[in-house]
Structure formats: structure tokens, C-alpha cells
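Notes for the structure review
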Amino acid sequence: MAPRFAWRLRILFPALISCALLLPSPCGSLQALREVIALLADDKDPKCFTRVDRDLTCFWKDSSNTSYDFYYEYEGEEEEKKCTLTHQSVDPATVLHVCSFPPEDVYLFVQAHIKVTESGTNNTVHERVLNVENQVLLDPPTDVSVSLNGKPRQLTVRWTAPRPGNLEYKIRYSSDKVQEVVSKAGLLVHTLYELSPGEKYYIAVRAKPDGSSRDGFWSAWSQAASAVVPRPADEIHLNCFTPDLQSVICNWNSEEMEKDTQYTLYYQSRNGDWEVCDHSDITNTCTFQGWNSSDIIVTVNASSRHQNHTFYKEPISMNHMVLTAPPKHLAGEVNDGKLSLQWEPAVAELAEHMVYQVRYSLDNHSGWKHITLESPEPRALLDVQAGSQYHIQIKTKPNGDTYRGSWSKWSHTFTVAVPLQLGLLLIGFVPLVLILTAVVIMATFSKFFSKIKQHLWPPVPDLDRVLENFLTEINKGWQVGAFATSKLGYKTLTLTLILTDRDQQALPGRSIRYQQAPVYNSNPNPNPN
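1. With respect to the packing of aromatic side chains
Applying the stated criterion across every chain yields a total of 13 aromatic pairs. With a centroid separation of 5.8 Å and 50 degrees between ring planes, the pair formed by Tyr360 and Tyr390 is classed as tilted. Linking Tyr360 in strand E29 (residues 354–362) with Tyr390 in strand E32 (residues 389–398), this pair joins segments that are 30 residues apart in sequence. Assessed through its relative accessible area of 17%, Tyr360 is described here as buried. Clustering of aromatic rings is evident, with ring pairs tying together Trp60, Tyr68, Phe70, Tyr72 and Phe101. Cation over ring: Lys208 sits above Trp218, and NZ or CZ is 5.7 Å from the ring centre. If you follow Arg359 out to its NZ or CZ, it ends over the ring of Trp368, 4.3 Å from the centre.

Listed below in C-alpha cells is the structure:
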């Protein structure tokens, strides 16, 4: 009699268990049998498993020719039952002993006592207690598929569960260059991240009960599915933008790929379908109609004789990919030393959401100077230098609040010459005239003052020079005869310089020097008498 709290599951129809459920049957392949043995390698002997809760199979390996008996008894039952064993060779030295429970003797949520004895001796070889619901061995998941999810270096895996219920999964993936990786999943969809771009990955899935109501063993791996990991769009410099919030323009660079590579750009339409964008093979540019209701997803397939690659760009809203033309009709005029600039925005709808940057250079200076204008107003006022010529350009981009994007190209160059101002010339000329006038007046007054000084204070003669000149003139007046000096006599002539009182006052402290000049006498007789 079954226990009070045990639920007994009986099969009401006497159908035979198929080969898909019970591998030990004659139709089970040896390879599948060995696979089951490997999956239950960590279980105790005799190893037992159930596929669909309506079956239970137990087995153990033996290398001898001994005969065994297999007994089982559920908790609460007083009668021990014997299972008829079958035998199957795994290899020449190993025999597999198998017990397949009758369907009417399979019970869930009640313990089963199992015992294996040697025939004839009744010696117990194996003994264990188990619950059928904890010995579940599922079939592998089916319909495994791998798809691209619109993001680089990612793949999305989907599959069908082998049976209803709470299950957990393992995903195994690898490539020719990447070692095998196993990750866990709880749903029927799983995304693989940080994969190697351009690599072809092989992916398989296995399953087991999660232990909440049933438990068991990991199933065999499913058949592998494969896919090539998309590469980042930056590798081909894929760039998409909208110039007018209506159309989307995409372009890319093909220099990194083989010469015979053919490109196809796909974009996901607003209803979710992928559509081909017609493009020019010469410029690698294509245009399609955009929308604001959802993000725009773009992918480029590159096909060559040797390999195929997929390049993904991150999904982006059209409001965040604005790249307009540069502002139009840049002009300006100079008033009172200020340059007033005006222009027109490229897209009138975006006029209130744009910022600007102005750059200018002078003829006599190298390089550009930049000014960022945070106001959306299409005008600016710049300080300029008189007499200079300015070269001015302007560009624009969204301010980042509602719309985002990149700077446009620079506009055409606007050149303006700032004239010299008369007022500024006068302001600079008047001080120069005053300075020159002052210099002339000072020079003239200095000359006039020198003349007055000479009249009022005549210069004092240099007495030393005067005396020297006087004596020189006296010496010149003497005639020297041609006679012997020894026969000449001489007397000393004493000259006295008589100074007036005025001269003495003018030369205080000066010593008066005099010189005795020799006076030659023609009388050879020194004696005057």
C-alpha cells in the first residue's frame, strides 16, 4: 500500500517504452549508451535516470561474469520486487547490467530502496535510496539558432526547451581561435557578449531541472549552431547622419578591406523589417528615408572571395545624429570699430536648437582664432582693429538639449577690410605735433639765450695763452745774426705785465707768471765801458 503523503504515478496504457526513452533497449546505439554513461558518471551505482517521469532505468558496469539480482521497494510498501536484468557489452571487457522499471512501478515523490546482490550468495553489491523526480536526464534542447542583435561583438542564442517546467541551461561556445567558454542561462534566449569580431562561433546548449520541483543531470549538448560575430562599424569608418531630419545619409571607407569586396547596407525599417539601401560603389554612400518613432539600426555586409564580414553600428535616434550643412549667406559690416556679422541657419526647423563657432584670421597674422557662441541667434558682434583685413568662417551644431550631433563643415570665407578712422588719426596726430613744437621752441630759446649770455657775461681771456702768444711774437721780431754764439753777449730783459684792478678781480687766486727772454747784443765786448 502506498504511503499517505506519496503521490503514485501509474501509466494507464501498456505502451512500450521507445528507444528514445530507454537506451538499454536493443534499438539503442552503443554511442548513445556510452553518452548516458558519461553523463551519469558522478552518480552512485546503480546509476538511475528518468526521461519523462514515466520511466526509470538503472544500470551498472561490471568486468566479471558474475550473475546479479536487482530488487527495489518503495517506502511504505511491504513487498520487495525483483527487476529482470538485461545485459549489453560496452567493450570486450565490460558488461552493462540494466534494469528497466515497469511503467506501473514508477512513483514520484516517494523514496525507492534499491539493492543489487550476487545470485546464489545473496551478498549485497550495491545499495542506495533515491527519488525518481531527482534522477531526471533530459533530452538536449532543440531548434538552437544564433542571430545578430544589432550590436557589435554580440550574438543572441535561442532554443526550444526539451520539456515544460523549471529548467536551467548551459551554453557552450568557441571558435577556431577562441577557447571553449561555458555560461549559464535561465531563459530560452541568451546574449553572448565581448566576442571576437569577425570570428565564426559554434554554439551548443544543454539543460537540466533547476532543483525547485525536480532535479537531475545535465543533458547531452545539442547540435551546434554557428554564426560570424559582427565587427564594429568603426573599422570601416561607417558614419550615418541626417542633414534635415528627413533623410539619413550613410557613408563608409573601404580601404581596410580587399579590393574585390562587395558592400551591402541594410537598415531596419520602422516596422522591423530589414531593407537594402541602394548605394554607389564609387563613393560608398547611400541615402534612405528616416523616422523619429524608433532608433535606426544599420548594418553593412562585406563579401569577398575569401570571407564575409558584418559591421554593426550602435542603434541611434535620428534626433541624435544631426549634421547639417554650414550656415548660409554669411555677411557683415563695420560700424564704430565693431564688426556686425549675420547669417542664415541651414535648417530653419533647427534654428532654435543650434550653437555656432566663429573663427577669423588677419592678413598679417598666421593661424585662426575661435569664438564659440552659445546663443541660437544668427548674429554676432566682434571687436576689430582699424586698418586690418579679416577672413571669417562659421560652423554650427545642435546644442545637445533636444537634438544632438556633430559640427558642420566651415562656411565659405567672408572677407572684410576695416578702414582707418579720422578721429583715431587725429587723436594720435595731435600729441605728436605738440611734442615736435615743444622741441623746436626749446631749441630756438636755447640759441637765443646763448647770445644774451655772451653780451651780459663776456668770456674771460685765458692769460696763459695770451702771454704765450705775446712772447712768441716778440721772438719772431729778433733777427739772429750769423756769428758764433760764444762771441755774443746777452742781457736779460725783464717784462712786467701790469694788470688792472678789474683783471685782478676777475682772476682771484691766479698766479702771474713772467718769463725773462734773452736779449742778444752785437757788441762782442762784454764790458760796456
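2. Concerning helix H1 (residues 30–39)
Note on helix geometry: an α-helix contains 3.6 residues per turn, so any two residues three or four positions apart are oriented the same way. Among the residues making up H1, those that are buried are Leu33, Val36 and Ile37. Seen end-on, H1 carries its buried residues on one side only, within an arc spanning 100 degrees. Opposite the buried face of H1, at more than 90 degrees from it, the exposed residues are Gln31 and Ala38. In this structure, the buried residues of H1 make contact with strand E1 (47–49), strand E2 (57–62), strand E5 (85–91), strand E6 (94–100) and strand E9 (136–137).

3. Some points on the pairing of strand E12 (residues 167–175)
Strand direction decides the pairing type here: E12 and strand E15 (residues 200–209), joined by nine bridges, are antiparallel. In the sheet register, Tyr173 faces E15, and the bridge partner there is Ile203. Two elements, E12 and strand E13 (residues 181–185), share five bridges in a ladder whose sense is antiparallel. If you follow Tyr173 over to E13, its bridge partner there is Val181. Hairpin connection from E12 to E13: five residues lie between these consecutive antiparallel strands.

4. Describing the nonpolar core
Of all hydrophobic cores here, the largest spans 24 residues; its most connected members are Leu341, Trp343, Tyr390 and Ile392. Elements with a contribution of two residues or more to this core: strand E28 (338–344), E29, strand E31 (379–383), E32 and strand E33 (414–417).

5. A word on the sheet that holds strand E11 (residues 155–160)
The strand order across the open sheet built from three strands is E10-E11-E14, with neighbouring strands paired in antiparallel fashion. This sheet does not close on itself; its edge strands, each paired only once, are strand E10 (142–147) and strand E14 (189–192). Neighbour to neighbour, the strand axes of the sheet diverge by 20 degrees on average, direction disregarded. Direction of pairing for E11 relative to E14: antiparallel, over a ladder of four bridges. Bridging across to E14, Thr156 finds its partner in Thr191.

6. A short note on the pattern of salt bridges
Scanning the entire structure with this criterion turns up 16 salt bridges. Among the salt bridges present, the one from Asp105 reaches Lys81, with a minimum N-O distance of 2.9 Å. Of the two residues, Asp105 sits in the loop between E6 and strand E7 (111–118) while Lys81 sits in strand E4 (residues 81–83), which places them 24 residues apart along the sequence. In this structure Asp105 comes out as buried when scored by relative accessible area, which is 7%. On the basis of relative accessibility, which here comes to 22%, the residue Lys81 falls in the partly exposed class. In this structure, Lys338 and Asp383 form a salt bridge, with 2.2 Å as the shortest nitrogen-oxygen distance. Of this pair, Lys338 sits in strand E28 while Asp383 sits in strand E31, and the two are 45 residues apart along the sequence. In this structure, a network of salt bridges that share partners links the residues Asp53, Arg163 and Arg214.

So, how was this worked out
- Residues numbered from 1 in each chain as written.
- Predicted model: local features only at pLDDT ≥ 70, side-chain atom pairs only at ≥ 80, totals over all residues.
- Heavy atoms only, no water.
- Phe/Tyr/Trp six-rings, centres within 6.5 Å; stacked < 30°, edge-to-face > 60°.
- Helix = DSSP H or I, 4+ residues; strand = E, 2+ residues; numbered from the N terminus.
- Buried < 20%, exposed > 50% of the residue type's maximum accessible area, 1.4 Å probe, protein only.
- Lys NZ or Arg CZ within 6 Å of the ring centre and 35° of its normal.
- Arc of directions from axis to C-beta.
- Contact = heavy atoms within 4.5 Å.
- Pairing = 2+ DSSP bridges.
- Core = buried A, V, L, I, M, F, W, Y, C linked by side-chain atoms within 4.5 Å.
- Axes fitted to C-alpha atoms, helices over the stretch in contact; angles between N-to-C directions.
- Salt bridge = Lys/Arg side-chain N within 4 Å of Asp/Glu carboxyl O.

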